[in-house]
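# Report on the structure
Take a look at the letters that make up each chain.
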Amino acid sequence: MAPSVLSILQQGLQGQIGIAHTRWATHGAPEERNAHPHVSGGVSVVHNGIIENHDAIRDRLRKIGYVFVSDTDTEVIAHLIDSLYNGDLLESVKQAASQLQGAYAIAVLCRDEPHRVVGARAGSPLVLGVGLDENFLASDAMALAGVTNQIVYLAEGDVVDVLYEQPGNAEPLVLGRPARRLALLLAFEQDQRVKRYDTFDQLAGYCGNSANPVGRLLLRLTGRATPENDSLDRKS
């Protein structure tokens, strides 16, 4: 580990948003230069999956001046998003995703938008964990079992925009599908059994408790929020 990184870790880190990766890339040797996240300019990316057209994109990006330091396909994603960045990370990720072929589940940060993490998936799984004033992205629901019991499976082609501005205002927005699809939710029981809600009506009963953050999210995204039920939720 580089001394600069070690000194930062020893001093401690502070912040509201972060990304991490716990396995080596599918391309390249298990060396630090191939480890995630990969960074380009102010953009940082972690990725599961395989980008099949990474060679073509790499060649195109090299011609406009990008320098590659790893053997991974993930670095291609970071440089591509950076090349498209125009001040809106969500739009840049959507544009980049439209150019990727293969499988990916990504989480992206930008130095210029420190309140935001954007996720996208195609071919590889990505789930959204909804908490109280906190949200999570992970490749599997069980990875979040210790931090939230409310899981939304992102569908093929979904992009999720997770914002953190202040407590009480950290609601994720899933794009690409009707809001009611958020009713596909898992609830972890204490004995680790999993109950699945496949329809909005089934979930409505579970979300009947106005203190439930998923209930608040669904009310807002489906236009059902009222001053009465929204304020009741926030008082709970």
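Predicted model only: the values in this text are computed from it and were never measured.

Quick look at the layout of surface pockets now. Estimates place the volume of the second largest pocket at around 740 Å³. Around the second largest pocket sit 29 residues that line it, and Gly18, Ile19, Phe136, Leu137 and Ala138 are the ones nearest its centre. Mapped by element, the contributors of at least two residues to the lining of the second largest pocket are strand S2 (43-51), strand S3 (102-110), strand S6 (135-138) and strand S8 (159-163). Among the elements that line the lining of the second largest pocket, the one with the most residues is S6, at 4 residues. Grouping the constituent residues of the lining of the second largest pocket by class yields 17 nonpolar, 9 polar and 3 charged.

Before going further, it helps to spend a moment on the nonpolar core. Counting 27 residues, the largest nonpolar core has Val45, Ile81, Val93, Tyr104, Ile106 and Val108 as the members making the most contacts within it. Of all the secondary structure elements, the ones that give two or more residues to this core are S2, helix H2 (54-63), helix H3 (74-84), helix H4 (89-97), S3 and strand S4 (116-122). Ranked by residues supplied to this core, first place goes to H3 with 6 residues. Leaving out residues up to four positions away in the same chain, Val108 has contacts with Val43, Ser44, Val45, Ile81, Leu89, Val93, Arg116, Val117 and Val118. Grouped together as the second largest cluster of nonpolar side chains are 13 residues, Leu109, Leu126, Leu128 and Val130 included.

A few words now on the confidence of the model for the protein. Of all residues in the protein, 64% have pLDDT values of 70 or greater, and the mean over the chain is 75. Overall, residues 176-201 carries pLDDT values under 50, and its contacts beyond four positions in sequence, including any with other chains, amount to 71 contacts. In the model, residues 231-236 has pLDDT below 50 throughout and makes 11 contacts with residues more than four positions away in sequence or in other chains.

Reading guide: rules and limits
Residues numbered from 1 in each chain as written. Predicted model: local features only at pLDDT ≥ 70, side-chain atom pairs only at ≥ 80, totals over all residues. Heavy atoms only, no water. 1 Å grid on protein atoms, 1.4 Å probe; cavity = no way out; pocket = protein on both sides within 12 Å on 5 of 7 lines; lining within 4 Å. Points joined across faces, edges and corners; volume = space filled by probe spheres on them. Helix = DSSP H or I, 4+ residues; strand = E, 2+ residues; numbered from the N terminus. Nonpolar A, V, L, I, M, F, W, Y, C, P; charged D, E, K, R; others polar. Core = buried A, V, L, I, M, F, W, Y, C linked by side-chain atoms within 4.5 Å. Buried < 20%, exposed > 50% of the residue type's maximum accessible area, 1.4 Å probe, protein only. Contact = heavy atoms within 4.5 Å. pLDDT = per-residue confidence, 0-100.

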